[in-house]
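Residues per chain are reported as follows:
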Amino acid sequence: MSEEEVELEARLAEQDEFEPPASFVEQANVSDPGLYEEFGENWPECWEHAADLLEWSDGYDQVLDDSNPPFYEWFTGGELNASANCVDRHLDERGDEVAIEWVGELGETRTYTYEDLHEEVNAFAASLRDLGVEEDDVVTMYMPMVPELPIAMLACARIGAPHSVVFAGFSADALATRMNGADSEFLVTCDGYYRRGEPLEHKSKSDEGVSGVDHDVTSVVVDRLGDDYDHPTIEGDHDYDSLVADHAGETVEPVPRDAEDMLFLMYTSGTTGQPKGVKHTTGGYLSWAAWTSQAVLDVKPEDTYWCSADIGWITGHSYIVYGPLALGTTTVMYEGTPDYPDKDRLWEIIDDYDVTQLYTAPTAIRSFMKWGKEYPEKHDLSSLRLLGTVGEPINPRAWKWYYKHIGGEDCPVVDTWWQTETGGMMVTTLPGVGNMKPGSAGPPLPGLDVQIVDTKGEQVEAGRAGYLTVQKPWPGMLRTLYKNDERFIEEYWAEYSDTDSDDPDDWVYFPEDGAKIDDDGYITVLGRVDDVINVSGHRLGTMEIESAIVGVEGVAEAAVVGGTHDIKGEAVYAYVITEDGYEGDDDMRERIVAGVEDAIGPIARPEQVVFTEELPKTRSGKIMRRLLEDIANGEELGNTSTLRNPDVVTEIERKVKGD
Ligand code: WTA
């Protein structure tokens, strides 16, 4: 390193607060600090600002209906269509401008203008109708990052059929569970996709999933692999390309949807083994995705904006598809991995397309750091104006690396805290307003009331850890868990509300995250306080993984915890007791890993499987997960005196260390 660089590194290492660059503030969509006060005073009407970003076929009567908490309703009486908002209304002014720039794993590209998008969305909407999809039918999508995925989502939205996208990396079992849970009779899937240049077959996994569905399923298959895979057509399967060709040129009137009508379902992990079907609505969700894209990601129509998440997760829904397209910008979609064909893939794409914003995950940034700055240095990244992160806490070192080596110290970095349930961003700095503090997400967005409380619901002092709560409703919030209002209340509201009140007016939203707040109102999110772990920014329920492991022949009991991991943030640690007559050997370990991959998918694969005779349990028989976490993290163990079997802890520790 040159002397200058050494000096720069040292300065950055010490600096813990950064002002937004003046050049950014000048052009920012939001740069008025007065917005916080204005929204605070003018709540809930302030959210008209969000609704105003959309086109309503029928105006709403009321901003917020809070007469039946916690079933809040937003923009009641209003009607709109999400597909019309994301496509049709841009045609006049921006029909020839690019809506989606798609970059395939093999380097091939496809460009969809708003006109092109309109054409294909209409043709596929007509196809879905032809197949019998009616308003309110849930259509499942089980596809990787191909353009047909957002097209299918928008086609569903057009005819008022909610979609439920299942991440392509999930297993056949996971697909079946979600299709059964949503009573979904339609599936859009694909033959396969490419990973590291090699075709990866997907259709048989999809078929296996369908065979586990307890009702008939109509499937549409996208041909992604062409001649690389001769996919056997199963009787009754429909070919996407033929459908779209048959319906080419047809137009389907966007169905006016009530603001509170479901736009989509998204399954996410929770404390119990059953994934939760989070319900998002047309008016509230879409306005939230649009408003946060505009205020936080600073999206403008002339931008080329890129979120590198997968559409199979909420981040991709809100910030690849709905937010950016609602604002009429160009959204980049990349099919592949960041290190194929080489570790500069992302930087090459930014350079080629003059990308203006990059929104990615801390786990990716930690990998980039490990690979080294020489990769971004090979490319011109000066088109970038803003950087963002999401999915897990970002450590200050990674933040500063991102700020310096990707942003050239000239782009604000927004660290955005939110979740599947919140629909969009909740806690982050506004990039044109607030100073950034690496490691701390920032203040709640204007109009949000976020407080850090103790178990009694009292606010904790600045600097002390507590539970993050959202005290007032917001438009993007989930409305319920699909067909399970009871679980919705139990999981998010009643249990964690102020003292023992059973008055829903006193309840607050509890996202199951721990956090602390500084004197200046900046919030540092500490991580989940339930049995959910965050592996590479992906939310996994430990109970789901445990039940997969216990399903393996010869396993008597299992406990899963998250152990810290340099790149992934957290990794899956499994502690397993075998049944009598079974050995905890390599074969068993392989069967356990395969069991988890079959039940959930490779993302949940255990990093370590530790066989043990016993698990540390309290006298009442509860597994002490905290101790298992300490062991996984190689930390000093807390108090073990309440254990029924304290000796087991030293035994497990020895095994993890490999002594
Ligand atoms: C975590 C992803 C710290 C958190 C959008 C949350 C974060 C869970 C951040 C939601 C952040 C997300 N800092 N932690 N900036 N963003 N999380 O539903 O624990 O997949 O509850 O939504 O990720 O994950 P989900």
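Residues numbered from 1 in each chain as written. Predicted model: local features only at pLDDT ≥ 70, side-chain atom pairs only at ≥ 80, totals over all residues. Heavy atoms only, no water.

Colleague: Which residues make up the nonpolar core, and what values go with them?
Modeller: Judged by nonpolar contacts, the single largest core of 120 residues is most densely connected at W47, F124, M141 and Y322. Top contributing element to this core by residue count: helix α8 (residues 148–159), with nine residues. Dropping the residues within four chain positions of it, Y322 is found in contact with A82, C86, M153, L154, A157, H163, L263, F264, Y285, L286, A289 and H317. Counting residues in each nonpolar core, the second largest holds 33 residues, with A176, L540, V596 and V609 among its members. (Core = buried A, V, L, I, M, F, W, Y, C linked by side-chain atoms within 4.5 Å. Buried < 20%, exposed > 50% of the residue type's maximum accessible area, 1.4 Å probe, protein only. Helix = DSSP H or I, 4+ residues; strand = E, 2+ residues; numbered from the N terminus. Contact = heavy atoms within 4.5 Å.)

Colleague: Got a sec to walk through the sheet that holds strand β4 (residues 98–103)? Specific residues and values, please.
Modeller: Hydrogen bonds along the backbone pair up the strands of a sheet, which may run parallel or antiparallel. Strand order in the open sheet made by the seven strands is β5-β4-β17-β16-β18-β19-β20, with mixed pairing throughout. Since the sheet does not close on itself, it has two edges, and those belong to β5 (109–113) and β20 (413–416), each with one partner. On average, each strand axis in the sheet is inclined to that of its neighbour by 20°, with strand direction left out of account. Relative to strand β19 (residues 386–390), strand β18 (residues 357–360) is paired through four bridges, and the arrangement is parallel. Paired with Q357 across the strands is L386, a residue of β19. (Pairing = 2+ DSSP bridges. Axes fitted to C-alpha atoms, helices over the stretch in contact; angles between N-to-C directions.)

Colleague: Could you give an account of the pattern of salt bridges, with specific residues and numbers?
Modeller: For the coordinates displayed, the defined rule picks out 36 salt bridges. For E491, the salt bridge goes to K276, with nearest N and O atoms at 3.0 Å. Of this pair, E491 sits in helix α18 (residues 485–492) while K276 sits in strand β15 (residues 276–281), and the two are 215 residues apart along the sequence. Here E491 matches K276 in class, with each residue buried. Of the charged contacts in the structure, one is a salt bridge between E392 and R366, with a shortest N-O distance of 2.9 Å. (Salt bridge = Lys/Arg side-chain N within 4 Å of Asp/Glu carboxyl O.)

Colleague: Tell me what's going on with the sheet that holds β15, and back it up with residues and numbers.
Modeller: The strand order β12-β11-β8-β6-β7-β14-β15 describes an open sheet built from seven strands, whose pairing is mixed. Each having just a single partner strand, β12 (238–239) and β15 make up the two edges of the open sheet. Pairing geometry for strand β14 (residues 262–268) and β15, over six bridges, is antiparallel. Counted as the bridge partner of M262 is T281 from β15. In this fold helix α10 (residues 203–211) packs onto β6 (139–142), β8 (186–190) and β11 (218–222), with an angle of close to 160° to the strand it touches most, β8. The sheet strands contacting helix α12 (residues 282–295) are β14 and β15, and the helix crosses β15 at an angle near 85°.

The analysis is restricted to geometry; functional conclusions fall outside its scope.
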